[in-house]
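Close look at the chain arrangement
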Amino acid sequence: TPLFFFRSPPASIEMGLSGVVATDSLTLSDRKGIVYDSFHVRRTAMAAVKGTIEVTKNINKYKQYLNNANISVDTKGRDGMKAAIQLPADFCIDEDGIVVDVFRAKKSQDHMSLERIEAFVPPEKRCKCSKKDCLFPSCRQRYEEIMEDAAAMLYFGGD
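Being a predicted model, the structure only gives us computed values, none of them experimental.

Here's the deal with the overall build of the protein
The secondary structure content of the protein amounts to eight helices and four strands. The secondary structure elements of the protein, listed N-terminal to C-terminal, are β-α-β-α-α-α-α-α-β-β-α-α. When each of the 159 residues of the protein is scored for burial, the buried share is 21%. Considering only contacts in the protein between residues 6 or more positions apart, those separated by 24 or more positions represent 42%. Of the roughly 11800 Å² that the protein leaves accessible, carbon and sulfur atoms contribute 59%.

This is the structure:
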């Protein structure tokens, strides 16, 4: 079962996940950064500045994810300021509690690639939806293969 920890307050996480139904994962608030600290994940004010510049320069790309009310709540107080400069980190931890893959961001927008995450998931538990807009690369690839096969079956040649 995937666990997701965010430095945001629970209300902000709930608002960010509104409409998302995920019965096979758990999302938790780590407001004080206990999980981040236990994995020695860095904080840096420069990353927060660079992240702000990136979002400002590419506002159209990010505007659907921004909520000004959340931003003011997320950065409120001492824990909020620490959260604002927290660099992301992604860990793939197996059933035995062993960290088998780690990604430590250098910029606030960085995260582990979906290819790496998918490679971590046991083959029998991977998504097999084969949809065009699936997050997982193998589903999108299967979709393309299905479309190519379908096009080949429809093409009979001739003028």
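Some words on the pairing of strand E3 (residues 89-93)
Where E3 lies against strand E4 (residues 99-104), five bridges are found, and the strand directions are antiparallel. Residue pairing across strands places Phe 91 opposite Val 102, the latter belonging to E4. Between the antiparallel neighbours E3 and E4 lie five residues, among them Gly 97 with a positive phi of about 85°.

Notes on the side chain of Asp 30
Checked against the element boundaries, Asp 30 lands in the loop between strand E2 (26-29) and helix H2 (34-38). The exposure class assigned to Asp 30 is buried, which follows from its relative accessible area of 6%. Of the polar contacts made by the side chain of Asp 30, one reaches the backbone nitrogen of Ile 34; its length is 2.9 Å. Within the structure, Asp 30 has its side chain in polar contact with the backbone nitrogen of Val 35 (distance 2.9 Å). Setting aside its immediate chain neighbours within four residues, Asp 30 contacts Phe 5, Phe 6, Arg 7, Val 35 and Tyr 36.

Thoughts on a negative patch on the surface
A cluster of like negative charges, contributed by Glu 144, Glu 145, Glu 148 and Asp 149, occupies part of the molecular surface. Counting through the fold element by element, Asp 149 comes out in helix H8 (residues 137-154). Overall, the relative accessible area of 47% leaves Asp 149 in the partly exposed class.

Digging into the pattern of salt bridges
Side-chain pairs of opposite charge can arise where the charged atoms are in close proximity. Evaluated as defined, the whole model comprises one salt bridge. Measuring nitrogen to oxygen at the nearest pair gives 2.7 Å for the salt bridge that ties Arg 116 to Asp 101. Separated by 15 residues along the polypeptide, Arg 116 in helix H7 (residues 114-120) and Asp 101 in strand E4 bring together distant segments of the chain. With relative accessibility at 31%, the residue Arg 116 sits in the partly exposed group.

Focus on H8
With 18 residues, H8 should reach 26 Å at 1.5 Å per residue; the first-to-last C-alpha distance of 26 Å fits that figure. Every buried residue of H8 is accounted for by Pro 137, Ser 138 and Cys 139. Residues of H8 that are buried sit in contact with H7.

Points about a nonpolar patch on the surface
Taken together, Leu 3, Leu 26 and Leu 28 make up a surface patch of nonpolar side chains, about 250 Å² in accessible area. Mapping Leu 26 onto the fold places it in strand E2. For Leu 26, a relative accessible area of 40% corresponds to the partly exposed category.

Structural notes on the side chain of Asp 90
Position of Asp 90 relative to the elements: it lies in strand E3. In terms of polar contacts, Asp 90 uses its side chain to reach the backbone amide nitrogen of Met 112, at 2.6 Å. Not counting the four nearest positions on each side in its chain, Asp 90 is found in contact with Asp 101, Val 102, Phe 103, His 111 and Met 112.

What counts and how
- Residues numbered from 1 in each chain as written.
- Predicted model: local features only at pLDDT ≥ 70, side-chain atom pairs only at ≥ 80, totals over all residues.
- Heavy atoms only, no water.
- Helix = DSSP H or I, 4+ residues; strand = E, 2+ residues; numbered from the N terminus.
- Buried < 20%, exposed > 50% of the residue type's maximum accessible area, 1.4 Å probe, protein only.
- Contact = heavy atoms within 4.5 Å.
- Areas by Shrake-Rupley, 256 points an atom, 1.4 Å probe, with all protein chains shown as cover.
- Pairing = 2+ DSSP bridges.
- Polar contact = N/O pair within 3.5 Å; in protein donor to acceptor, adjacent residues only side chain to side chain.
- Patch = residues over 30% accessible without salt bridge, like charges linked within 9 Å, V, L, I, M, F, W, Y side chains within 5 Å.
- Salt bridge = Lys/Arg side-chain N within 4 Å of Asp/Glu carboxyl O.
- Lys, Arg positive; Asp, Glu negative; His and termini not counted.
- Charge placed at Lys NZ, Arg CZ, Asp CG, Glu CD.
- Expected span 1.5 Å × (residues − 1).

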